[in-house]
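# Breakdown of the fold
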Amino acid sequence: MATCDPRIIKKGNEIIDKWFKEEGAIAKNLGQDAGKFFRQFYETTLNMGFDRGETPTLAQMRHLDKRVDKLEKGFQKKIGKMAEMFYLPEEVLKNNYQALKTYKYFQNQHNYYQGKKDEYQHTLNTIVHMIGEKSRAMGLDKKGNFRNTKKAHKELQKLYNEYQRHITEEGWGSAEEYWNNNLRDLAKDSQFEVFTLVDDALRDPSLLTKNPGKYGTFKDIVTEWQKISPKLYADLKNGLSYYVSALKEANLVTNGKYKRMQDSIQKIHDSLDKKRHYFPTEALNIIPTMRIVQESIYDRAQSRTTDYDKLSEYVSNIADLTVDQLKLSKHSKEKKSGDGLRRNKDVISMMDNYIRNVTMFNFSGITTDSLLKGVRRIGDLQGREQEEQARFYSKYLFDTHASLLGLNINSSFGRSMARAVTSWEFMSKLGFNLRSAARNATQSLQNIVYFGVSGMSEALQYMHGEIGTRGLAEAKKHGVYFASARELANTLNLFPEVAKSTVNGKEVLTYKYDTAAQKFNDGLESFAKKAGAPMRFVENKVNRNLTFLIAYSLRHRQISNNKGIMLKQIEKSIKQGKFKREKGETESEAALRLLDDNISRASSNFAANMTRELHYEYSPFGKPQIMRGGLASVLTQFMTYGVNFWNYQYKIASQGKDAVLAGDWRSEQAWRMYRLGTLYAFINGLLSPLTNTDIGNLIQHDTYERVKNFTDFMSEDPDIKKRAFFGKGPLVGTVGGPFISDVITMGNVFGFYDLMSNKEMDERSMLGYLAGYQDYADKRDSDKLYDFVRTLNTQIARTSFVTLPRAWDGAGLMTLGGIESGLYKSKLMQERKMEYYYPIAEQFGVREPKYATVGKKKKKIPKKKDLLLQSLKQMQVASQ
């Protein structure tokens, strides 16, 4: 950081003194990691390397000094209850780097979890498709009792779920009888024959060559499965290792209450041998019990009591049974019912369950270990004030982690309701909705704000060819895409419900299979996922895809052009022991490969963070604390975007202001602030009036829209007031959520409001205004039908009652497109054009718009004959 300007040296020394001052707030909060965090803070603020020969300007050093002062004040500031409840987690945790580091780790692991699930699910979908092709090739579809692969799979799944229910509820005797009557001779039933043959081939691939006539056709299925089976085994082993580590951490703060559980998990870990061809499904027996272990860790943070002896007994019992089952030498060997195992021939369900449970188990183990280690590090902070903050941040992290795993909603009914309502409202409001998809696509304009037009242009040129291909592969790895509505997130279903069962005389915990609530929610979520195809396409292929590739390309280009960064990457890899030559590689080739991998890894991490920054985190753990509970998640549905958008703007404005006040006018933070203001000023202040259209209906500014709703609600114009909050009033329109709004609408449609009010309640009362109740007594039946259909699905209602009738009446394609996208002609924008832009245009000889001259036409002067007749009529009336 050497420079000839002594002012820069002086400012740098002042900053270092503030940061590392022994009794200072920063050093107290960061402890021994103060140096590491200073480097990170420096590079993030100034967007340049700390020790790579780059020299900051005096303005940049003043900017850095101002940010250090702000950070120091933040460390001394206590988090208020309002901030705790209503701020995003990153804002709550930003003043404690250890807590923020743990939360960032949660985010990254959640992305990797999603990425792994997507990768494995893609392989499973391919296998399912192959099984269908094999059944047709074998002529099974021509046999009388064969339906199709999908129906056969569902039938087989029901049989095994029922078998599991017998084990759980009625004991092994009943289960054995059910097995003999329904599952013993599956291979003799043609609709299940293909499943049995695939199961045999997967368990013993040597059958492909030993009996090619019978099993050779399944070679591609075996090959496809072997692409991911080693990765899944590694995930399962890692999950066990991380849980052992997590329980070891839990022992430190509970005086050894988790010791027996730790030993039991360790025993499973040590007994788990790598299975070359199939998968060790027996190890999944432990997972239902781990849900209760997770809950106990969360309960301890909430000061709830836990029966550790009983919990240890559950873990010990299932560990003993699992270890016994893992001792099988042949995968195809079946145990008798008394030993507790029957092979499930439904390979589709087995693979699906194995993938889902292993990825979940690994994810929960890694994050739980990270949570407990992070809490311990936070607890190491010294001093009374730091200890008080440590308690707050530890509790907040425990609550965030519980939301991450879906354990923050205590009752099974609450979890089911939250899932059902979220799925329904997503399907109702966003399902098949072309306007919402189009509005969502405009979120990509934030790329201009964040990277600038020149930055985007450079990235688009750089990403052509191999870089773009690698960027797409890295995006999948980081799980930046999502398969369903982001608000669904499926973390509420991470751990299914559990039940007690007795196996071989030992009480263990198992999953509840095929409950009515589970089937209903799975079906509803599946339909919501299909209905959300337009929104999902835009979010994945337009928004997240584009942002990730731009950020990846820019970072890759920056690192590749900086020799200092590249040398540091190689030194770091050598120090960590990662520098290894592959067979046939020279030392220079190995160094280049390692460097290339490191550059790609650093670029993809940056791109994943940027994608989250611009397109937000919608999972439950990423929401403000007040929005995480069961009832709260229903009442605050679809508010996540608004909260994130406000926070996004606030950060850009705050950081830009600090840079400008420090004199760093040309910093990246300042330019983002300029571009943010310019973008919306151009859209709403220039483009909308010139086109006579409120383009804000398509390119939304959520913060402005919410403020405008409140100002419109206070308007004296009844028409404007009625439009505020979509006619639902500020209470329902702001925090009631779409579900409550729909309940009120349906109540109004069917006259419940009039019935309850007995026609006596004044609709102008404060309660009526706040809740948004409307009197439907004078509404036509067609209006009520429209409201009913709109509650079921917004797009269907708009198409049926607005777009199609207008098309029938002769509206053109552009008009219909404007209706669907919400780009209507706006009287307000016409008035703005006349007020602000016509006076300027008039100076250049531009004529006045026709719509402004309509009211200025001269009145027709009546003829003399008409005036005479009018006078005679007036006289006649007067004489009468």
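Overview of the structure. The structure displayed is predicted, hence computed values, not measured ones. (Residues numbered from 1 in each chain as written. Predicted model: local features only at pLDDT ≥ 70, side-chain atom pairs only at ≥ 80, totals over all residues. Heavy atoms only, no water.)

## A look at the overall build of the protein
Helix and strand content of the protein: 41 helices and two strands. Long-range pairs, those at least 24 residues apart, make up 74% of the contacts in the protein with a sequence separation of at least 6. When the accessible surface of the protein is split by element, carbon and sulfur atoms take 55% of a total near 44,600 Å². (Helix = DSSP H or I, 4+ residues; strand = E, 2+ residues; numbered from the N terminus. Contact = heavy atoms within 4.5 Å. Areas by Shrake-Rupley, 256 points an atom, 1.4 Å probe, with all protein chains shown as cover.)

## Focus on the nonpolar core
In this structure, Phe218, Trp225, Ile265 and Val293 are the most contacted members of the largest nonpolar core, which totals 92 residues. A total of 14 residues in this core trace back to one element, the largest contributor, which is helix H18 (residues 347-379). Excluding its chain neighbours within four sequence positions, the residues that come into contact with tryptophan 225 are Ile127, Leu202, Leu232, His277, Tyr278, Phe279, Met351, Tyr354 and Ile355. Formed by 32 residues, the second largest nonpolar core is a distinct cluster that contains Phe451, Ala551, Leu554 and Tyr641. (Core = buried A, V, L, I, M, F, W, Y, C linked by side-chain atoms within 4.5 Å. Buried < 20%, exposed > 50% of the residue type's maximum accessible area, 1.4 Å probe, protein only.)

## Notes on the packing of helix H23 (residues 466-477) against helix H25 (residues 533-560)
At a closest axis distance of 9 Å, the pairing of H23 and H25 adopts a crossing angle of 120°. Comparing the axis directions of H23 and H25 gives the class oblique. Once H23 is placed against H25, the crossing between them reads as right-handed. Facing Ile467, Gly468, Arg470, Gly471, Leu472, Glu474 and Ala475 of H23, the residues of H25 in contact are Asn545, Phe548, Leu549, Tyr552, Ser553 and His556. A per-class count over the contact of H23 with H25 returns six nonpolar, five polar and two charged. (Axes fitted to C-alpha atoms, helices over the stretch in contact; angles between N-to-C directions. Parallel < 35°, antiparallel > 145°, perpendicular 65-115°, else oblique. Left-handed = near helix turned anticlockwise from the far one by under 90°. Nonpolar A, V, L, I, M, F, W, Y, C, P; charged D, E, K, R; others polar.)

## Overview of H18
Quick reminder: α-helices carry 3.6 residues per turn. Residues three or four places apart thus point the same way. With 33 residues, H18 extends 47 Å between its outermost C-alpha atoms, agreeing within 8% with the 48 Å of an ideal straight helix rising 1.5 Å per residue. Burial within H18 is extensive, with 26 of its 33 residues counted as buried. (Expected span 1.5 Å × (residues − 1).)

## Side note on the pattern of salt bridges
Overall, the coordinates contain 30 salt bridges when judged by the stated rule. Among the ionic pairs, aspartate 235 bridges to lysine 116, the shortest N-O distance being 3.0 Å. Of the two residues, aspartate 235 sits in helix H14 (residues 229-254) while lysine 116 sits in helix H7 (residues 97-137), which places them 119 residues apart along the sequence. One salt bridge connects glutamate 458 with arginine 557, and the closest N-O pair in it is separated by 3.3 Å. Of this pair, glutamate 458 sits in helix H22 (residues 446-462) while arginine 557 sits in helix H25, and the two are 99 residues apart along the sequence. (Salt bridge = Lys/Arg side-chain N within 4 Å of Asp/Glu carboxyl O.)

## Here's the deal with helix H38 (residues 813-821)
Residues of H38 that are buried: Leu816, Gly818, Ile819, Glu820 and Ser821. Buried residues in H38 make contact with helix H21 (434-441) and helix H37 (794-808). Of the residues flanking the end of H38, it is glycine 822, one or two places downstream, whose phi is positive at about 80°.

## Quick word on a positive patch on the surface
On the surface, Lys154, Lys158, Lys519, Lys529 and Lys530 cluster together to form a positively charged patch. Going through the elements one at a time, helix H8 (149-170) and helix H24 (516-531) are the ones with two or more residues in the positive patch. A per-element tally of the positive patch places H24 first, with three residues. Structurally, lysine 519 is set in helix H24. (Patch = residues over 30% accessible without salt bridge, like charges linked within 9 Å, V, L, I, M, F, W, Y side chains within 5 Å. Lys, Arg positive; Asp, Glu negative; His and termini not counted. Charge placed at Lys NZ, Arg CZ, Asp CG, Glu CD.)

## Thoughts on the environment of tyrosine 824
Mapped onto the fold, tyrosine 824 is located in the loop between H38 and helix H39 (827-842). Each C-alpha atom of the pair tyrosine 824 and asparagine 692 lies 8.5 Å from the other, and the pair is 132 residues apart in sequence. When near neighbours in sequence (up to four residues on either side) are disregarded, tyrosine 824 contacts Arg435, Asn692, Thr693, Asp694, Asn697, Gly818 and Ile819. Within the structure, tyrosine 824 has its side chain in polar contact with the side chain of arginine 435 (distance 3.0 Å). (Polar contact = N/O pair within 3.5 Å; in protein donor to acceptor, adjacent residues only side chain to side chain.)

## A look at unusual backbone geometry
For phenylalanine 432, which is not a glycine, the phi torsion comes out positive at approximately 60°. Even without being glycine, asparagine 692 reaches a positive phi, approximately 60°. Structurally, asparagine 692 is set in the loop between helix H30 (668-691) and helix H31 (702-713).

From the geometry alone we can't say anything about function, so treat these as descriptive.
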